[in-house]
Amino acid sequence: MRNSGVVTNAAVQLDLQNFKKYTGGKNALVAQGGGQRGIFTSGVLDAFLLSNFDPFHSFYGTSAGALNLCAFLCRQRGIGKSFILDLTTDPQFFHLFSYIRRRQFLGLDWALDRVSDYPYRLDIDMGRQVLAGREAFAAVTDTHKLMDHYLPMLSEDWKKVLIATCAIPRLYNQPVEFEHGIYVDGGVSASIPVQEAWRREARCIVVIRTEGDDLVSDTPEVVEREAVEWFRDSFNSIQGHWQSKLIQWKSDWNTFLNEQVSRAHRHKPELNHFEALNGGRWLFGADDIYRLSHLLGDKFDSGLADMLMVHYQTYSLTQDFLQAPPDDCFIVQIKPEEPLRSSSLLSEKESLLHDYQLGLDAGFRFVETYSQLIPQEMK
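The present account deals with the structure reproduced in this document. (Residues numbered from 1 in each chain as written. Predicted model: local features only at pLDDT ≥ 70, side-chain atom pairs only at ≥ 80, totals over all residues. Heavy atoms only, no water.)

1. Topic: the overall build of the protein chain
- The secondary structure content of the protein chain amounts to 13 helices and 10 strands.
- Considering the protein chain as a whole, with its 379 residues, one finds that 59% of them fall into the buried category.
- Taking the intrachain contacts of the protein chain between residues at least 6 apart in sequence as the baseline, contacts between residues at least 24 apart amount to 80%.
- Counting every atom, the protein chain has about 16,000 Å² of accessible surface; 47% of that belongs to carbon and sulfur. (Helix = DSSP H or I, 4+ residues; strand = E, 2+ residues; numbered from the N terminus. Buried < 20%, exposed > 50% of the residue type's maximum accessible area, 1.4 Å probe, protein only. Contact = heavy atoms within 4.5 Å. Areas by Shrake-Rupley, 256 points an atom, 1.4 Å probe, with all protein chains shown as cover.)

2. Quick look at the nonpolar core
- In this structure, Phe19, Leu29, Phe48, Phe59 and Phe366 are the most contacted members of the largest nonpolar core, which totals 80 residues.
- Looking at this core, the element that brings in the most residues is helix α13 (residues 349-373), giving 9 residues.
- Not counting the four nearest positions on each side in its chain, Leu29 is found in contact with Leu45, Phe48, Phe56, Ser58, Phe59, Tyr60, Leu69, Val206 and Ile208.
- Listed in part, the 19 residues of the second largest apolar core include Ala190, Ile192, Ala197 and Cys329. (Core = buried A, V, L, I, M, F, W, Y, C linked by side-chain atoms within 4.5 Å.)

3. Regarding the packing of helix α4 (residues 79-87) against α13
- At their nearest, the axes of α4 and α13 sit 10 Å apart, and the two run at 165 degrees to each other. In terms of orientation, α4 lies roughly antiparallel with respect to α13. As for how α4 packs across α13, the hand of that crossing is right-handed. Residues Lys81, Ile84 and Leu85 of α4 form the contact with α13, whose participating residues are Lys349, Leu352, Leu353 and Tyr356. (Axes fitted to C-alpha atoms, helices over the stretch in contact; angles between N-to-C directions. Parallel < 35°, antiparallel > 145°, perpendicular 65-115°, else oblique. Left-handed = near helix turned anticlockwise from the far one by under 90°.)

4. Side note on the environment of His354
- Here His354 shows up in helix α13.
- His354 sits 13 residues away from Arg341 along the chain, and the two C-alpha atoms are 7.5 Å apart.

5. Remarks on the pattern of salt bridges
- Under the criterion given, the structure shown has 11 salt bridges.
- Salt-bridge contacts for Arg203 lead to Asp328; the nearest nitrogen and oxygen are separated by 3.3 Å. Pair noted here: Arg203 is in the loop between α9 (194-199) and β9 (204-208) and Asp328 is in the loop between α12 (302-323) and β10 (330-334), with a separation of 125 residues, a long-range link.
- Using a relative accessible area of 23% as the deciding quantity, one classes Arg203 as partly exposed.
- Each of Asp148, Glu196, Arg199 and Arg200 takes part in a single network of salt bridges with overlapping partners. (Salt bridge = Lys/Arg side-chain N within 4 Å of Asp/Glu carboxyl O.)

6. A few points about the pairing of strand β3 (residues 27-31)
- Among the 5 residues that make up β3, 5 are buried, leaving the element largely enclosed by the rest of the structure.
- The alternating pattern of β3 places Asn27, Leu29 and Ala31 on one face and Ala28 and Val30 on the opposite face, and all of these are buried.
- Here β3 pairs with β9 via 5 bridges, running parallel. Paired with Val30 across the two strands is Val207, which belongs to β9. (Pairing = 2+ DSSP bridges.)

7. Quick look at the side chain of Thr318
- In this fold, Thr318 is placed in helix α12.
- Beyond its immediate stretch of four places on either side in the chain, Thr318 contacts Ile192, Val194 and Gln195.

8. Details of the packing of aromatic side chains
- Taken as a whole and assessed by the stated rule, the structure comprises 16 aromatic pairs.
- Ring geometry for Phe366 versus Tyr370: centroids 6.0 Å apart, planes at 45 degrees, classification tilted. Taken as a pair, Phe366 and Tyr370 lie in helix α13 at a separation of 4 residues, close to a single helical turn. Of the two residues examined, Phe366 and Tyr370, each falls in the buried class.
- Put simply, the rings of Phe19, Tyr22, Phe48, Phe53, Phe56, Phe59, Phe72, Phe330, Phe366 and Tyr370 pair up and form one aromatic cluster.
- Lying over the aromatic face of Tyr356, Lys81 brings its terminal NZ or CZ to 4.5 Å of the ring centre.
- Between the NZ or CZ atom of Arg200 and the centre of the ring of Phe137, over which it lies, the distance is 4.2 Å. (Phe/Tyr/Trp six-rings, centres within 6.5 Å; stacked < 30°, edge-to-face > 60°. Lys NZ or Arg CZ within 6 Å of the ring centre and 35° of its normal.)

9. A look at the side chain of Ser189
- Within the fold, Ser189 resides in the loop between β8 (181-185) and α9.
- Of note is the side chain of Ser189, whose polar atom sits 2.8 Å from the side chain of Thr141.
- Not counting residues up to four positions away in its chain, the partners in contact with Ser189 are Val140, Thr141, Leu146, Met147, Asp148, Val310 and Thr314. (Polar contact = N/O pair within 3.5 Å; in protein donor to acceptor, adjacent residues only side chain to side chain.)

10. Examining the pairing of β10
- Most of β10 sits out of view: 5 of its 5 residues are buried.
- Of the two faces of β10, the one holding Phe330, Val332 and Ile334 and the one holding Ile331 and Gln333 are both buried throughout.
- Here strand β1 (residues 4-7) runs beside β10; their pairing, made up of 4 bridges, is parallel. Bridge assignment links Val6 to a residue of β10, and that residue is Gln333.
- Of the strand pairs in this sheet, β9 and β10 are connected by 5 bridges, and their pairing is parallel.

11. Here's the deal with the state of the cysteines
- This structure, assessed with the given rule, holds 0 disulfides.
- Note on Cys74: no disulfide assigned, nearest cysteine sulfur contributed by Cys70 at a separation of 4.4 Å.
- In this model Cys329 remains outside any disulfide bridge; the closest cysteine sulfur is found in Cys204, 9.2 Å from its own. (Disulfide = S-S within 2.5 Å.)

Right, here's the structure in full:
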């Protein structure tokens with residue numbers, strides 16, 4: 001593609017001369033979620049910090065991506081890595097058997113309290129100074145309309161915003177309530193908030209991914225690919241199209257969900273490890289929700305099914321956007337050359353350290369590539 005490119009820890013595929021044409025305008029940095037796979041993003045951003053590299057005017061993150069961007073803006077190298085490596089692997093953050101037996105939910109509040117205190121001491125005041133007149137947003141999902149919404153990342157209620165973008169249904173105990181709405185995990189409706197960056201007029205967009213090649217999903221294809229205007233509007237602006245398709249979608253998804261539930265019954269749950277469906281794009285993969293719901297004896301309710309439907313369809317649109325961006329922007333994806341060793345949750349520390357190093361390598365490779373193009377006074 002002439003207006004898109006890819007940088008991995010091993011290679012660069014980028015039309016450098018064309019890329020250069022877009023770097024003088026509004027630049028955005030977008031960070032995908034992915035749970036503990038976000039350690040790759042931590043590596044990329046630490047490479048940026050070590051290189052004193054920050055040519056961006058706006059920042060957009062979902063879930064772990066938002067947490068990593070927060071650490072980057074606070075200029076605290078290693079904080080994102082420590083949050084995932086130390087805190088999300090602690091049983092107080094999540095312990096499978098405690099969750100099953102006592103419903104001990106995801107310890108987001110505990111982890112953010114810890115990262116705000118010694119020895120980490122996340123410096124939000126520094127982050128606000130660094131951000132200055134720039135913008136930083138965390139993606140969340142409106143529970144009523146199931147549409148994407150974007151909250152300022154370093155506002156006075158920054159901790160509540162970060163909890164909201166990570167509040168995975170069934171894993172976190174409840175949606176997060178603000179005066180303007182009630183929200184859950186941004187990965188439901190905006191796994192990779194690249195379209196929002198474009199809608200807010202960013203024309204050079206760098207997207208940090210937590211997966212290599214896109215996986216082939218077994219979800220039903222119910223979105224017409226000619227609906228390019230979907231890219232121009234937030235999810236709430238396409239309600240007419242949504243309503244016209246709703247009956248067909250429900251029918252398709254009833255079939256799909258029944259197949260998945262049957263699969264969960266046929267396979268014994270693996271209690272020591274979660275293998276996330278869909279590349280970990282939504283931290284707690286759909287397949288795991290089916291299995292855990294069956295294990296706990298819960299009913300797989302229609303509300304959760306609708307969230308999964310929105311997740312898959314909006315992610316499908318995002319894939320289209322990344323593969324064929326509008327002519328007025330350039331998108332560079334920074335992602336691992338091969339699938340990461342870590343999982344979205346319950347990863348081994350050795351795997352996390354391996355994936356962090358891959359992120360460092362990819363980050364340095366991108367900085368080196370960028371530096372070849374941009375005049376010194378613009379760096």
